[in-house]
Amino acid sequence: MTKLFNDPARFTEDMLVGFLDANSRYVSGVAGGVVRAHRTRPGKVAVVIGGGSGHYPAFCGTVGPGFADGAVVGNIFTSPSAEEAASVARAAHSDAGVLLTTGNYAGDVMNFGLAVTQLRSEGIDAHYFAVTDDIASAEPGQEAKRRGIAGDFTVFKCASAAAEEGLDLAGVVRVAEAANAATRTLGVAFDGCTLPGADHPLFTVPVGHMGLGLGIHGEPGVADEAMPTAAELAATLVGGVLGDRPDAREKRIAVILNGLGRTKYEELFVVWGDVSRLLRERGYTVVEPEVGELVTSLDMAGCSLTVMWLDEELERYWTAPTDTPAYRKGAAQPAAEGELRHPDGSESSTTAIDLASLADDAGRTGGRLASRALDAMAAMLVDAEDELGRIDAVAGDGDHGRGMVKGSVAARDAAATAVSAGAGQGSVLTAAGKAWAAKAGGTSGVLWGALLTALGARLGDTGHPPGGDIAAGMRDGYDALIRLGGAAPGDKTMLDALLPFVEELEQRVTDSQDWHEAWRVAADISAEAAHATADLRPKVGRARPLAERSLGTPDAGATSLARCAQTVADCLTLAAQGDN
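The rules behind the values
- Residues numbered from 1 in each chain as written.
- Predicted model: local features only at pLDDT ≥ 70, side-chain atom pairs only at ≥ 80, totals over all residues.
- Heavy atoms only, no water.
- 1 Å grid on protein atoms, 1.4 Å probe; cavity = no way out; pocket = protein on both sides within 12 Å on 5 of 7 lines; lining within 4 Å.
- Points joined across faces, edges and corners; volume = space filled by probe spheres on them.
- Helix = DSSP H or I, 4+ residues; strand = E, 2+ residues; numbered from the N terminus.
- Nonpolar A, V, L, I, M, F, W, Y, C, P; charged D, E, K, R; others polar.
- Expected span 1.5 Å × (residues − 1).
- Buried < 20%, exposed > 50% of the residue type's maximum accessible area, 1.4 Å probe, protein only.
- Contact = heavy atoms within 4.5 Å.
- Axes fitted to C-alpha atoms, helices over the stretch in contact; angles between N-to-C directions.
- Left-handed = near helix turned anticlockwise from the far one by under 90°.
- Phe/Tyr/Trp six-rings, centres within 6.5 Å; stacked < 30°, edge-to-face > 60°.
- Lys NZ or Arg CZ within 6 Å of the ring centre and 35° of its normal.
- UniProt positions renumbered as here; feature names shortened; annotations may be inferred.
- Core = buried A, V, L, I, M, F, W, Y, C linked by side-chain atoms within 4.5 Å.
- pLDDT = per-residue confidence, 0-100.

In the annotation of an unreviewed UniProt entry, the entry for the protein reads Dihydroxyacetone kinase, and the organism field reads Mycolicibacterium frederiksbergense.

What follows is the structure, given as structure tokens:
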């Protein structure tokens, strides 16, 4: 159990304070994460890695000469926001472009992809790449659907070494792609991990068993097997990893036996003795193996085996020297070649918009109503946090409740600030959407941010929006989620609650029903649809590899959306009754 914390909701922020203080020789803090203490030298591609925290030394622990130029640090097991990813990339960038790379998770793909779009609009040459090494999360031939787990480390290391050597951005991307194609990982869990402040693990493993094919975000294994001896476990891991690339011709390999947080070094060395023997019996030469904790999952008990088949180029990058807070290899490099950063944490200023000048009195009334609705949503989600986390943990990582709380509270505060500035409903909702996406991160943060922003853009800041505009704004939000998320109705996501809501609202408004009452009926339809997701199998996201396990449990995202819709309906009823 994770025992040491102050406020669980600020665990990541508090962790970064200590990490930065202890490693000021290597790193400086910037909005969204950390960068090297010295600026990236001219002509060097910047490599920015990242994802949710809880995996130390990945990812911030590997920022330094020979490895990453920056790391974006999200909340525990939650993707950083697009704003955070772009912020770290700007700070790390010099003049030769930037590669942003993460494991293959929906939230990371969306947020870092959006960050690349933003960076390119600013004239920064940027590219995103997702690692897909986890053989348990998709069958051969579907590698693009696989998660990135401990194989993140080999890909990040090789791409970073290529950038250090002086390759241009296209060359660094090519090396990342080659390292990813040559890397395979299989992991096992003996017990689940516990989020800070929680009194129970995200999952448990039956006594005398292990979970085969775990994820590093607290996802349980895809199957339970009898607890093996160390030698039997070694055979399972070696057979699984090598069997996924049976036609590999390379006989030199980089290998990582990775501890996940609670399985310590002595145990890993016992397993490694059998792993190395089995690999050599199969004719492989192991090049500079790593045995220890490199990509953890808080306090999870378990380990994983990663193999990267080496050609001459990949071997050069794998063995290249590096010097970071948590990982060192080869001859020590200079601390840095670039100019020392000024640790002021300053951000580029932006011109403030006079929100009051965009709105009229009717729009400001709408802004106050939107703010009250967001306040009610935030309060509801605080109460529902544990339940939403429990639902999410059945086949996911259990962070949905916490992410929704962080996002909705940030949205509530941003809305209140906009109202104080005299904003109309459009600007209030837009400010709330930006804050939700920036502070929540993850998939839900992106999607809720897009939903609120699309609704705000449709409603504008003047007049009382008619029911048709309300319905059209919700349709705009639904369309934005389709474009961003890559999911469809029936995939067991929040779309399965949102689409019935939108369709019911549109139909009733078209039939001239008062939109307040139409919203109430649509919210009830949405709640029924969310409950019905218990019968669906997830087809996207972290729950997909555990589809059967999720049967009988509704989708957390659909559940929270329906409850938010119902909470807004209650707020509209109070407003109609004159409760201001």
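(A) Geometry of empty space enclosed by the protein. Inspection of every chain in the model, using the stated rule, returns 3 cavities of 30 Å³ or more. Elements represented by at least two residues in the lining of the largest cavity include exactly helix 1 (11-22), strand 4 (70-76) and helix 10 (400-420). In the lining of the largest cavity, the residues fall into 5 nonpolar, 4 polar and 5 charged.

(B) Just helix 13 (residues 467-485), in detail. Counted at 1.5 Å a residue, the expected span for helix 13 with its 19 residues is 27 Å, and the 27 Å between its end C-alpha atoms agrees. Inspection of helix 13 places Gly-467, Ile-470, Ala-471, Gly-473, Met-474, Gly-477, Tyr-478, Ala-480 and Leu-481 among the buried residues, and these make up the whole buried set. Looking at the buried side of helix 13, the elements it contacts are helix 12 (442-459), helix 14 (495-510) and helix 15 (515-532). Once helix 13 finishes, Gly-486 follows within two positions and takes phi at roughly 70°, a positive value.

(C) Spotlight on the packing of helix 10 against helix 11 (residues 425-440). For the pair helix 10 and helix 11, the least separation of the axes is 7 Å and the interaxial angle reads 145°. Our pair here, helix 10 against helix 11, has a crossing hand that is right-handed. Mapping the contact onto sequence places Gly-403, Met-404, Lys-406, Gly-407, Ser-408, Ala-410, Ala-411, Ala-414, Ala-415, Ala-418 and Val-419 in helix 10 and Val-428, Ala-431, Ala-432, Ala-435, Trp-436, Lys-439 and Ala-440 in helix 11. In terms of residue class, the contact of helix 10 with helix 11 is made up of 13 nonpolar, 3 polar and 2 charged.

(D) Here's a closer look at the packing of aromatic side chains. Enumeration according to the criterion identifies 10 aromatic pairs in this entry. Ring geometry for Phe-59 against Phe-156: centres 6.0 Å apart, planes inclined by 55°, an arrangement best described as tilted. With Phe-59 in the loop between strand 3 (46-53) and strand 4 and Phe-156 in helix 4 (residues 151-165), this residue pair connects regions lying 97 residues apart in the sequence. Take Phe-59: its relative accessible area is 8%, and that puts it in the buried class. For Phe-156, a relative accessible area of 2% corresponds to the buried category. The ring centre of Tyr-284 lies 4.4 Å from the NZ or CZ of Lys-251, which sits over that ring. The cationic tip of Lys-329 hangs over the ring face of Trp-318; the distance from NZ or CZ to the ring centre is 4.8 Å.

(E) View of the UniProt feature "domain: DhaK" (unreviewed entry) in the protein. The positions that UniProt labels "domain: DhaK" (unreviewed entry) are, in the present scheme, residues 7-327. Measuring from the first to the last C-alpha atom of residues 7-327 gives 29 Å, for a span that is 33% helix and 24% strand.

(F) Spatial organisation of the nonpolar core. If you look at the biggest cluster of nonpolar residues, it comprises 93 residues, and the most contacted ones within it are Val-172, Leu-257, Leu-279, Trp-309 and Trp-318. In terms of residue count, helix 4 provides more of this core than any other element does, 8 residues in total. Not counting the four nearest positions on each side in its chain, Trp-309 is found in contact with Ala-182, Arg-184, Val-241, Leu-242, Arg-245, Ala-248, Glu-250, Arg-252, Ile-253, Tyr-284 and Leu-314. Within the second largest apolar cluster, 61 residues are counted, among which are Ala-370, Ala-450, Ala-471 and Ala-497.

(G) How the structure looks around the confidence of the model for the protein. Looking at the protein, the pLDDT average stands at 92 and 95% of residues meet or exceed 70. Low pLDDT (under 50) marks residues 345-350, which in the prediction has 2 contacts with non-local residues, meaning those over four places away or in another chain.

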